[in-house]
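Structural characterization, general
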Amino acid sequence: MNTDAIATEHAARLSAADSLLPLSEPLDNTGEDTVLEVRKDDSGAIGLATRSEIAADFSDSLWRALIEHRLTLRLAGPQPGEVLGDLLALWNSHLAEVAAPGDWDTAAVVVRPSRDPAGSAELLRHGFAPVRVLAVRPADRLAAPGPAAEPGVRIRPAGQDDIDTAVRLHTELLRYDADFGGVSPRETAAELLAADVGKELTRTNPTLWIAELYGGPLGLLQIQLPPESDWARRYVRAERVGYLSTLHVAEAARSSGVGSALAAHAHQLFDEAGTDVVLLHHALANPRSTPFWCAQGYRPLWTYWQRRPAVPAASL
Ligand SMILES: CC(C)(COP(=O)(O)OP(=O)(O)OC[C@H]1O[C@@H](n2cnc3c(N)ncnc32)[C@H](O)[C@@H]1OP(=O)(O)O)[C@@H](O)C(=O)NCCC(=O)NCCS
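Keep in mind it's a predicted model, so treat the numbers as computed, not measured. Position labels on residues start from 1 in each chain and follow its written sequence. Selection of residues for local features in this predicted model requires a pLDDT of at least 70, selection of side-chain atom pairs for listing and counting requires 80 or more, and totals for whole chains, interfaces and linings are taken over all residues. Hydrogens and waters are ignored; side-chain quantities use all the structure's heavy atoms.

**What to know about the packing of aromatic side chains**
Put simply, two rings from Phe, Tyr or Trp (the six-membered ring, in Trp's case) pair if the centres are within 6.5 Å, and we call them stacked under 30 degrees between planes, edge-to-face over 60, tilted for the rest. Here the structure, examined in full by the defined rule, presents 6 aromatic pairs. Judged by centre distance (5.2 Å) and plane angle (75 degrees), the rings of tryptophan 293 and tyrosine 298 are edge-to-face. Both residues of the pair, tryptophan 293 and tyrosine 298, count as buried. Pairwise contacts between aromatic rings join Trp231, Tyr235 and Tyr243 into one cluster. The rule is simple: take the accessible area with a 1.4 Å probe, protein chains only, and divide by the maximum for that residue type; under 20% is buried, over 50% is exposed, in between is partly exposed.

**Points about the sheet that holds strand β10 (residues 277-283)**
Whether two strands pair comes down to DSSP finding at least two bridges between them. To qualify as a helix, a DSSP run of H or I must reach at least 4 residues; to qualify as a strand, a run of E must reach at least 2; elements of each kind are numbered from the N terminus. Strand order across the open sheet formed by 11 strands is β1-β2-β3-β4-β11-β5-β10-β9-β8-β7-β6, with mixed pairing between neighbours. Only two strands of the sheet have a single partner each, and these edge strands are β1 (34-40) and β6 (153-157). Here the strands of the sheet are splayed against their neighbours by 25 degrees on average, with no regard to which way each runs. Only the contacting stretch of a helix is used when fitting its axis, a line to C-alpha atoms as for every element, and angles between N-to-C directions run 0 to 180 degrees.

**Notes on the domain arrangement of the chain**
As annotated, the domain borders come from an automatic or database domain assignment. Segmentation of the chain into domains returns domain 1 (3-131) and domain 2 (142-296). Here domain 1 and domain 2 have C-alpha centroids that lie 29 Å from each other. What makes two residues a contact is simply this: any of their non-hydrogen atoms within 4.5 Å. Counting residues at the interface gives 19 residues for domain 1, matched by 22 residues for domain 2. Two parts lose some accessible area (1.4 Å probe) when they are put together, and adding that loss for both gives the buried area. For the pair domain 1 and domain 2, the summed buried surface comes to about 1,600 Å²; carbon and sulfur atoms form 54% of the total. When the buried surface of domain 1 facing domain 2 is broken down by residue, Leu62, Trp63 and Val131 rank first, second and third, together holding 43% of it. We define a salt bridge as a contact between a side-chain nitrogen of Lys or Arg and a carboxyl oxygen of Asp or Glu at a distance within 4 Å. In this assembly, domain 1 and domain 2 are joined by 1 salt bridge. Here a polar contact is recorded for every N or O atom pair within 3.5 Å, except that within protein the pair must consist of a potential hydrogen donor and a potential acceptor, and residues adjacent in sequence are included only if both atoms are side-chain atoms. Counting the contacts that link domain 1 with domain 2 gives 10 residue pairs in polar contact (both at pLDDT 80 or more). The nonpolar class holds Ala, Val, Leu, Ile, Met, Phe, Trp, Tyr, Cys and Pro. Asp, Glu, Lys and Arg form the charged class, and all remaining residues, Gly among them, are polar. Of the residues in the side of domain 1 that touches domain 2, the class split is 12 nonpolar, 4 polar and 3 charged.

**Some thoughts on the nonpolar core**
Buried residues of nine kinds, namely Ala, Val, Leu, Ile, Met, Phe, Trp, Tyr and Cys, make up a nonpolar core once their side-chain atoms join them within 4.5 Å. Counting residues in each nonpolar core, the largest one holds 22 residues, and the members touching the most others are Leu71, Leu87, Trp91, Val110 and Phe128. The set of elements that each furnish at least two residues to this core consists of β1, β2 (43-53), β3 (67-76), α2 (80-98) and β4 (106-113). In terms of residues, this core owes the most to one element, α2, which gives 6 residues. Discounting chain neighbours no more than four positions away, the residues touching tryptophan 91 are Leu36, Ala49, His69, Arg70, Leu71, Ala108, Val109, Val110 and Phe128. By size, the runner-up hydrophobic cluster in this structure holds 21 residues, among which are Leu221, Val258, Val278 and Tyr298.

**Overview of the side chain of arginine 156**
Residue position: arginine 156 is located in strand β6. A polar atom in the side chain of arginine 156 sits 2.8 Å from the side chain of glutamate 212. Discounting residues that sit within four places of it in the chain, arginine 156 has contacts with Asp162, Trp209, Ile210 and Glu212.

This is the structure we're talking about:
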């Protein structure tokens, strides 16, 4: 089975599995990234091993390891799990040469289409966990009506006086989500978040919203509309894509309809902007966000399998 045949079969399988996935193209192996290949009987796996690094003074560093190794896959044939297992073993050898064992600020990440579970057992066997999903909600998705909103909930755009509130709510979200694998707590978090919120507040169209319950600010919503959210188009088969960056409700106000009211507000803004789908990331093991987003009409599109550190510390 040659490289083109693997890419073609991979693309056909993904299209059949999920009509919202973008068309899968052959891997671009013209750069300096490492290409790994395994062929066995009628099955084949190709992986492109890449490395990205960001500085700790970027706010994205709160949501990832500073150094991230990724393996982008194409799988084909009747034994995709077996060839993926061999490919992961090849990647492990490669990682052993390029990543420091036991370094917490490194991660190995494989992003898989959620509805193409081929090889999931092999990922588990190699120490990966499904940590986060990119979830999708088509604009015409009918969601079950949520809980009745508290009568005192009011949603308003955030203003300059809300920087401290927004940073506090963002920080609570990071703390809560940190237990589920997708967050990198850093000492500079408050500064990074304040800088981001400050930038957000300079926009003419509000993207940051506060929910108040009887005058107390208890909920935070942040969204990206096209064209700002156009970066997300490569993950989904849709023209106009919105991205919901943040939703958080203070602990004292949870389970009383504030989150549903903020989500309904976001969906109204996305509808007004004519988006076909909305995407958002959430931690799979988060016992609040996973059921909440399902009830709001979202379902997994891409699953992020992560092993952190990328290379485990050597055992004594
Ligand atoms: C996830 C989160 C934003 C939800 O906000 P919330 O204000 O608690 O949500 P709501 O009260 O509007 O909705 C949740 C409740 O409504 C119920 N509900 C949801 N849809 C419903 C429906 N269709 N019919 C009846 N009840 C429904 C849920 O069962 C839940 O109640 P429960 O907690 O008693 O089980 C909030 O819990 C939170 O901030 N969690 C911590 C941080 C976090 O995980 N943020 C999301 C990161 S992506």
